[in-house]
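Observations on the model geometry
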Amino acid sequence: MKKNIALITGASRGIGAATAKLLAQQDLYIVVNYHKNKAAALNIVQHIIKHGGSAEIIQADISQELDIIKLFEKIDKIDGNLTKLVNNAGILFEQSTIEDLTASRINKVLTTNITGYILCCKEAVKRMAIKYGGTGGAIVNVSSAASRLGAPGEYIDYAASKGAVDTLTKGLSLEVADQNIRVNGVRPGFIFTDMHADGGEAERVQRLSPNIPMKRGGQPEEVAQAIVWLLSDKASYVTGSHIDLAGGK
Ligand code: NAP
């Protein structure tokens, strides 16, 4: 029997890496996509193989359409069917107010966080949809609590991109519901990953913890649990939904 393949974008660290490791326990062949950090991506694959799973790394910059096309063409060469996609690779830049936002920065955020997600969905649907000979599948788009909270004074460009991700999840879920493809989203917030250092404040989660109803930040593994559930048959009647993972915020 052909194996089922799961692609996780941005799986070299953080939430993507935790998801790849957990998903590997589900008898899936894992494609660990990364952008720049090959060594970290290889570490995730080695971890998966050491624990009895199977996986490989594929480099691709998801802000580049050609890279996405090549990524999926490489997946086509694997003996199996792509049935799961986790759109996870996302970026943000230094915390700032609107006065300091430039078109260059905004476009980088939107190209990675929206265009990249939409194009990965497009390639996945072309392989999963029944009308194209596929068997169906499940997609999870990693959004953010920022889509609800707006990230004022930090990165409203990033928050706006995540609002678009939520709309993408809704629209695509309706578009492909009759193709046996489920599309859902998770909205994490205040998760301990290196992303906050990219925003210029490595200790951001610790600073904000007193204002989180649960009084703590979250771990990438806690987000991974929700993603893996949404991808699984246990969520077989769930589509167009979002799970909020932000400690009550
Ligand atoms: P992270 O630790 O910063 O990791 C980002 C990952 O994305 C890395 O594996 C990186 O690859 C990859 N990546 C970045 N740009 C890419 C590109 N152009 N093409 C392909 N891969 C790219 O992030 P994280 O905190 O785990 O966040 C993962 C997702 O959760 C993001 O969508 C983020 O917006 C969302 N999220 C996070 C939080 C949080 O508190 N951490 C909260 C809400 C939402 P390389 O390392 O190889 O460059």
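Everything here concerns the structure above.
Let me sum up the structure you'll find in this document. (Residues numbered from 1 in each chain as written. Predicted model: local features only at pLDDT ≥ 70, side-chain atom pairs only at ≥ 80, totals over all residues. Heavy atoms only, no water.)

Quick word on the overall build of the protein chain
Counting its regular elements, the protein chain contains nine helices and seven strands. Relative to the globule expectation of 18 Å for 249 residues, the C-alpha radius of gyration of the protein chain, 17 Å, shows essentially globular dimensions. The C-alpha extent of the protein chain, read off along each of the three principal axes, is 55 × 40 × 35 Å. Within the span of the protein chain, comprising 249 residues, buried residues form 53% of the whole. Of all intrachain contacts in the protein chain linking residues separated by at least 6 positions in sequence, the fraction that spans at least 24 positions is 74%. Accessible area for the protein chain stands at about 11,700 Å²; split by element, carbon and sulfur atoms hold 52% of it. (Helix = DSSP H or I, 4+ residues; strand = E, 2+ residues; numbered from the N terminus. Rg over C-alpha atoms; globule rule 2.2 N^0.38 Å. Buried < 20%, exposed > 50% of the residue type's maximum accessible area, 1.4 Å probe, protein only. Contact = heavy atoms within 4.5 Å. Areas by Shrake-Rupley, 256 points an atom, 1.4 Å probe, with all protein chains shown as cover.)

Details of the packing of helix H3 (residues 65-76) against helix H4 (residues 103-128)
The angle between the axes and the distance between the axes are what describe a pair of packed helices. Where H3 meets H4, the axes come as close as 10 Å, and the angle between the chain directions of the two elements is 30°. Comparing the axis directions of H3 and H4 gives the class roughly parallel. Taken as a pair, H3 and H4 cross one another with a handedness that is right-handed. Taking contact as the criterion, the partners of Glu65, Ile68, Ile69, Phe72, Glu73 and Asp76 in H3 are, on H4, Gly116, Leu119, Cys120, Lys122, Glu123, Ala124 and Arg127. Its residues assigned to classes, the contact of H3 with H4 comprises six nonpolar, one polar and six charged. (Axes fitted to C-alpha atoms, helices over the stretch in contact; angles between N-to-C directions. Parallel < 35°, antiparallel > 145°, perpendicular 65-115°, else oblique. Left-handed = near helix turned anticlockwise from the far one by under 90°. Nonpolar A, V, L, I, M, F, W, Y, C, P; charged D, E, K, R; others polar.)

Side note on the packing of aromatic side chains
Think of a pair of aromatic rings as described by two things: how far the centres are apart, and how the planes are tilted against each other in angle. Following the criterion strictly, the structure yields one aromatic pair and no others. Here the aromatic rings of Tyr155 and Tyr158 are separated by 5.5 Å at their centres, their planes lie at 75°, and the arrangement is edge-to-face. In terms of burial, Tyr155 and Tyr158 fall into one category: buried. The aromatic ring of Tyr29 is capped on one face by Lys3, whose charged end is 4.5 Å from the ring centroid. (Phe/Tyr/Trp six-rings, centres within 6.5 Å; stacked < 30°, edge-to-face > 60°. Lys NZ or Arg CZ within 6 Å of the ring centre and 35° of its normal.)

Notes on the sheet that holds strand E6 (residues 181-188)
What holds strands together in a sheet is hydrogen bonding between their backbones, with the strands either parallel or antiparallel. The strand order E3-E2-E1-E4-E5-E6-E7 describes an open sheet built from seven strands, whose pairing is parallel. Looking at the sheet topology across the chains shown, the edges are occupied by strand E3 (54-59) and strand E7 (242-245). With strand direction ignored, the average angle separating the axes of adjacent strands in the sheet is 20°. Across the sheet, helix H2 (residues 38-50) touches strand E2 (29-34) and E3, and the angle it forms with E3 is around 170°. (Pairing = 2+ DSSP bridges.)

With respect to H3
An α-helical segment advances 3.6 residues per turn. Residues three or four places apart therefore align on the same side. Taking 1.5 Å per residue, twelve residues should reach 16 Å; H3 reaches 17 Å between its end C-alpha atoms and fits that length. Burial in H3 covers these residues: Ile68, Leu71, Phe72 and Ile75. Taken down its axis, H3 places every buried residue within 90° of arc, on the same side. In this structure, the buried residues of H3 make contact with strand E1 (3-8), E2, E3, strand E4 (80-87) and H4. (Expected span 1.5 Å × (residues − 1). Arc of directions from axis to C-beta.)

In short, shape yes, function no, at least from these values alone.
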